[in-house]
Amino acid sequence: MTRPTGNARFRAARQAAGYRTQQELVDALAARGIHIGLRQARRYEADNPPLPQPDVRQALVDLLGRPLDELGFNVPPGTGGPQTSASLIAPANRGPLRASSAPQPATAAADFLAVTRAHRRLYWTVTPSVLHPAVVAHATLGGQLLDATTGRTRQTLAAALAESWLLAGRIEFFDLREPDRAGDTWVRALQGAGEADEALLGAAILAHMAFIPGWAGQRPAATERMVAARTYARRGHASGQFVAWLDAVEAECATRCGDTRAALNLIAHGETVVEDTASPTPEWMDWFSPIRLAAFKGNTQLTAGHLPQARETLLGVLDGLPEDADKQRTVILGDLGAVEAAAGRPEDAAQYALRALELLEVHWYATGLERVREVRRALGPWEHEQYVRDLDDRLYGWGAVVSALAC
């Protein structure tokens, strides 16, 4: 078996840091203002590599997460500084190392991301109280792994970690109805996005954070977070669909704060940009589409008292939702029930609410149940009618009550 030649330590550290080729490492150094050229990078991986210049030494230590004497260089006695294992505490901006965390290979980030993506898909079908502990445990693992990675591997892992915390916060806010907890979780997500320098992830997290004051009727705080979200979105060259989602989020906050006119204007702007494909929409943004923009619009029309328009919009959404969108479908059915109750058609309202409850027994969603309860409150004048009693039997059946308390 032929043994590898050259500076195998440097080559292994480069690959573990996520730089698959020498050119990628050269480019990473250039991004820091250090220019060495491909020829020099090759010399570092040759037999008897030359000791890099002082500015290059520190950059290599930061990017590869190893002291010079562990990168295959012959460091003369007395060189010291942060470039040797005797004095290295932690590479710049990495935080404290944990003795129990062994250095991780480049595959660690890809493996962690694969689980993050799986959790994102499972969100639409798995009971929130079951999925949430797994997502939090996975994110906690990511935090541990982050201390043992560097370079591009660290950046990829940090982005996946931010996604995991974002999902955990979504479950806490939309499914478990724990806004304070979601706020703390989204701060963690924002830290991960900052570590990865992912502006669009930061924008998505900040916009989610706007829901907390927005749903509580605190318009100034929600607006401030949306300004920050839009700033990051511009920095990340957001797609039209991403901008339309920001419009929809701000519109929902405005609606809950009583300003439906501003909300409808925001949605109108979203409709003009949602199909703009000049920039790609992030793969992780699976919670929004043009049909979901219409769902925001229908709810705002309902709140504004534009009942015929709301009915038409929401029926179109109901027809256009994909088959796996049962969580969103419960919300639309609830809104349609609210439209019919407001229009003086209580039996139709009760039927929509019943359809929503049937779905909630399979795919629990606290936001969907909230919409059903709003319909039931609107049906107070008809509470002695049989169709309302049938709704009550389903709303307060064993399955619905246990699901509400468990989630």
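First, a word on scope: everything that follows refers to the structure included in this document. Here the structure is a predicted model, which means the values were calculated and not measured.

1. A short note on the overall build of the chain
- A tally of regular secondary structure across the chain gives 19 helices and zero strands.
- Referenced to the eigenvectors of the C-alpha coordinate spread, the extents of the chain come out at roughly 90 × 45 × 40 Å.
- Split into buried and exposed, the 407 residues of the chain put 51% on the buried side.
- In the chain, 64% of the contacts between residues at least 6 apart in sequence involve partners at least 24 apart.
- Entry remark: accessible area of the chain is about 19000 Å², with carbon and sulfur atoms responsible for 51%.

2. Regarding the pattern of salt bridges
- Scanning all chains against the criterion turns up 28 salt bridges.
- Here Arg14 ties to Glu45 by a salt bridge, and the two come within 2.5 Å at their closest N and O atoms. With a gap of 31 residues between them, Arg14 in helix α1 (residues 8-16) and Glu45 in the loop between α3 (38-44) and α4 (54-64) connect regions that are remote in the sequence.
- With relative accessibility at 5%, the residue Arg14 sits in the buried group.
- In this structure Glu45 comes out as buried when scored by relative accessible area, which is 7%.
- Across the pair Glu252 and Arg256 runs a salt bridge whose closest N-O atoms are separated by 3.5 Å. Pair noted here: Glu252 and Arg256 are both in helix α11 (residues 240-256), with a separation of four residues, about one helical turn.
- Assessed through its relative accessible area of 31%, Arg256 is described here as partly exposed.
- Each of Arg117, Arg120, Glu163 and Glu283 takes part in salt bridges that share partners, so that together they form one network.

3. Thoughts on the packing of aromatic side chains
- Under the defined criterion, the tally for this structure stands at 16 aromatic pairs.
- Summarising the aromatic geometry, the rings of Phe174 and Phe211 are spaced 5.4 Å apart at their centres and angled 80° between planes, so their arrangement reads as edge-to-face. Of this pair, Phe174 sits in helix α7 (residues 151-175) while Phe211 sits in helix α9 (residues 199-215); the two residues are 37 residues apart in sequence, bridging distant segments of the chain. Exposure class is identical for Phe174 and Phe211. Each is buried.
- An aromatic cluster of at least three residues, connected via ring pairs, comprises Phe173, Phe174, Trp186, Phe211 and Trp215.
- Over the aromatic face of Trp124 sits the side chain of Arg292, whose NZ or CZ is 5.7 Å from the ring centroid.

4. Regarding the nonpolar core
- Counting residues in hydrophobic clusters, the biggest one holds 100 residues, and the most contacted among them are Phe242, Trp245, Trp287 and Phe288.
- In terms of residue count, α7 provides more of this core than any other element does, 13 residues in total.
- Setting aside anything within four residues of it in sequence, one finds Trp245 in contact with Ala204, Ala207, His208, Met285, Trp287 and Phe288.
- Formed by 22 residues, the second largest nonpolar core is a distinct cluster that contains Val26, Tyr44, Val56 and Leu71.

5. As for helix α12 (residues 260-273)
- Spanning 14 residues, α12 covers 20 Å between terminal C-alpha atoms, matching the ideal 20 Å at 1.5 Å per step.
- Among the residues of α12, Thr260, Ala263, Leu266, Ile267, Gly270 and Val273 are the ones counted as buried. The arc that holds the buried residues of α12, viewed along the axis, is 140°, so those residues lie on one side. When the buried face of α12 is taken as reference, the exposed residues oriented beyond 90 degrees from it are Arg261, Asn265 and Thr272.
- Contacts from the buried residues of α12 go to α10 (219-235), α11 and α13 (290-304).

6. Things to note about the packing of helix α16 (residues 346-360) against helix α18 (residues 386-395)
- At a minimum axis distance of 9 Å, the contact between α16 and α18 shows a crossing angle of 15°. Comparing the axis directions of α16 and α18 gives the class roughly parallel. Crossing handedness for the pair α16 and α18: left-handed. Across the interface between the two elements, Pro346, Glu347, Ala350, Ala353, Leu354, Leu357 and Glu358 of α16 pack against Tyr387, Asp390, Leu391, Arg394 and Leu395 of α18.
- Here the contact of α16 with α18 is composed, by residue class, of eight nonpolar, no polar and four charged.

About the criteria used
- Positions within a chain are numbered from 1, following the residues in the order the chain's sequence is written.
- Only residues with pLDDT of at least 70 get local features here, since the model is predicted, and only at 80 or more are side-chain atom pairs given and counted; chain-wide, interface and lining totals rely on the full set of residues.
- Excluded from the side-chain calculation are hydrogens and water; included are all heavy atoms of the structure.
- Each helix corresponds to a stretch of at least 4 residues labelled H or I by DSSP, and each strand to a stretch of at least 2 residues labelled E; elements are numbered beginning at the N terminus.
- Only protein chains enter the accessibility calculation, which uses a 1.4 Å probe; a residue is then buried when its area is under 20% of its type maximum, exposed when over 50%, and partly exposed in between.
- We call two residues in contact when some of their heavy atoms are within 4.5 Å.
- In this description, accessible areas are obtained by the Shrake-Rupley approach with a 1.4 Å probe, and a residue is regarded as covered only by the protein chains that are shown.
- Think of a salt bridge as a Lys or Arg side-chain nitrogen and an Asp or Glu carboxyl oxygen that are within 4 Å of each other.
- The criterion for an aromatic pair is that two Phe, Tyr or Trp rings (for Trp, the six-membered ring) have centres within 6.5 Å, with stacked assigned to planes under 30 degrees apart, edge-to-face to planes over 60 apart and tilted to the rest.
- Consider the ring centre and the ring normal. A charge sits over the ring if Lys NZ or Arg CZ is within 6 Å of that centre and within 35 degrees of that normal.
- By convention a nonpolar core is built from buried Ala, Val, Leu, Ile, Met, Phe, Trp, Tyr and Cys residues, the set being connected through side-chain atoms within 4.5 Å.
- Here, expected helix span is obtained from the residue count minus one, scaled by 1.5 Å.
- Our arc is simply the arc of the directions from the helix axis toward the C-beta atoms.
- What counts as an axis is a line fitted to C-alpha atoms, over the stretch in contact for a helix, and the angles between N-to-C directions run from 0 to 180 degrees.
- Comment on the angle field: the value is read as roughly parallel under 35 degrees, roughly antiparallel over 145, roughly perpendicular from 65 to 115, and oblique elsewhere.
- If you view the pair so one helix is near and one far, a crossing is left-handed when the near helix is turned anticlockwise from the far one by less than a right angle, and right-handed when it is turned clockwise.
- Lys, Arg, Asp and Glu make up the charged group, whereas Ala, Val, Leu, Ile, Met, Phe, Trp, Tyr, Cys and Pro make up the nonpolar group; the residues left over, Gly among them, are polar.

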